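Structural characterization, general
One letter stands for each residue in the lines below.
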Amino acid sequence: MTIVSPESQRNWWETNFSDDLINLVLSNREIKLKESIINEDSGLTTRNSKISWIKDNKVCQKVFSEMKTKASDFSWLHLDNIESLQYSEYGNNQEYGWHRDCNNIPYPDGRVRKISFSVFLNSDYEGGEFDLELYGPNQTPRYIELNKKKNVNCIMFHSDMWHRVRPVTSGVKKSIVGWMLGPVIK
């Protein structure tokens, strides 16, 4: 499913995720990290990182409420829920190759992923750049590189956009990832 936005709308946005909300999310995550998995069958996407989940509904709804406010430019998407959040760590030589977050089939409740977001928790690592494709694989430049900077630690984008985390070369990159949902628009 491809999300087509009105021409006046952007399909990505940088924002700041508050320290209080980061601390709330992190205090409710599963402590034990697990190997990440890939939910696509082509075998073309590389992913090797460690993850844990934040499944507390009150925490997720608090995040949804704040992120929906920040996603006001995406109001035409009718965002109405959020999935469990994911905490990720990428160590040396770990990455997540080019992929999209959308599913081809709606969930049983009729919702689909519409907006993805990634919160950059630290900057004391090398490599691990977050790339968001804006122009297509045969264009130059193909993508923009996004990282944590002063007062900006979060990227929000349409879930059908291609993106990746390049290999970390030293240190550990830490992030919180989430997906905002809404009904299929016909």
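Relevant structure appears above.
Throughout what follows, the structure given in this document is the object of discussion. Just so we're clear, the structure is a prediction, and the values are computed from it rather than from any experiment.

Turning to helix H1 (residues 19-27), its buried residues number three or more, namely Leu21, Ile22 and Val25. Taken around the axis of H1, the buried residues stretch over an arc of 100°, which confines them to a single face. Set apart from the buried face of H1 by more than 90 degrees, the exposed residues are Asp19, Asp20 and Ser27. The elements touched by buried residues of H1 are strand S3 (50-54), helix H2 (57-70), strand S5 (85-90), strand S7 (111-120) and strand S14 (173-183).

Moving on to the pattern of salt bridges. Going through the model one piece at a time under the given rule, you end up with 13 salt bridges. Across the salt bridge formed by Asp80 and Arg111, the nearest N and O atoms sit 2.8 Å from each other. Of this pair, Asp80 sits in the loop between H2 and strand S4 (81-82) while Arg111 sits in strand S7, placing them 31 residues apart in sequence. On the accessibility criterion, Asp80 (36% relative accessible area) is partly exposed. With a closest N to O distance of 2.7 Å, Glu83 and Arg113 form a salt bridge. A residue pair is termed long-range when its members are at least 10 positions apart, and Glu83 in the loop between S4 and S5 and Arg113 in strand S7 qualify at 30 residues. Glu83 gets classed as buried once you look at its relative accessible area, which sits at 16%. Overlapping salt bridges, with partners in common, bring together Glu129, Asp131, Glu145, Arg164 and Arg166 in one network.

Let us now look at the nonpolar core. The nonpolar side chains of a soluble globular protein tend to be buried with one another. Residues Phe17, Val63, Leu85, Phe117 and Met156 are the most contacted members of the largest nonpolar core, which totals 25 residues. Mapped onto this core, the elements with two or more residues apiece are H1, H2, S5, S7, strand S11 (154-158) and S14. No other element matches the five residues that H2 contributes to this core. Among the nonpolar cores identified, the runner-up in size contains 13 residues, and Tyr90, Phe120, Leu132 and Leu146 belong to it.

Another point: the sheet that holds strand S10 (residues 143-146). As summarised here, the arrangement of the four strands in space is S6-S12-S9-S10, forming an open sheet in which the pairing is antiparallel. Each of the sheet's edge strands pairs with one partner strand only, and the pair in question is strand S6 (96-99) and S10. Strand-to-strand, the axes of this sheet are offset by a mean angle of 15°, without reference to chain direction. Here four bridges tie strand S9 (residues 130-133) to S10, and the two strands are oriented antiparallel to one another. Among the inter-strand pairings, Phe130 is bridged to a residue of S10, identified as Leu146.

What counts, and at which threshold
- Residues numbered from 1 in each chain as written.
- Predicted model: local features only at pLDDT ≥ 70, side-chain atom pairs only at ≥ 80, totals over all residues.
- Heavy atoms only, no water.
- Buried < 20%, exposed > 50% of the residue type's maximum accessible area, 1.4 Å probe, protein only.
- Helix = DSSP H or I, 4+ residues; strand = E, 2+ residues; numbered from the N terminus.
- Arc of directions from axis to C-beta.
- Contact = heavy atoms within 4.5 Å.
- Salt bridge = Lys/Arg side-chain N within 4 Å of Asp/Glu carboxyl O.
- Core = buried A, V, L, I, M, F, W, Y, C linked by side-chain atoms within 4.5 Å.
- Pairing = 2+ DSSP bridges.
- Axes fitted to C-alpha atoms, helices over the stretch in contact; angles between N-to-C directions.

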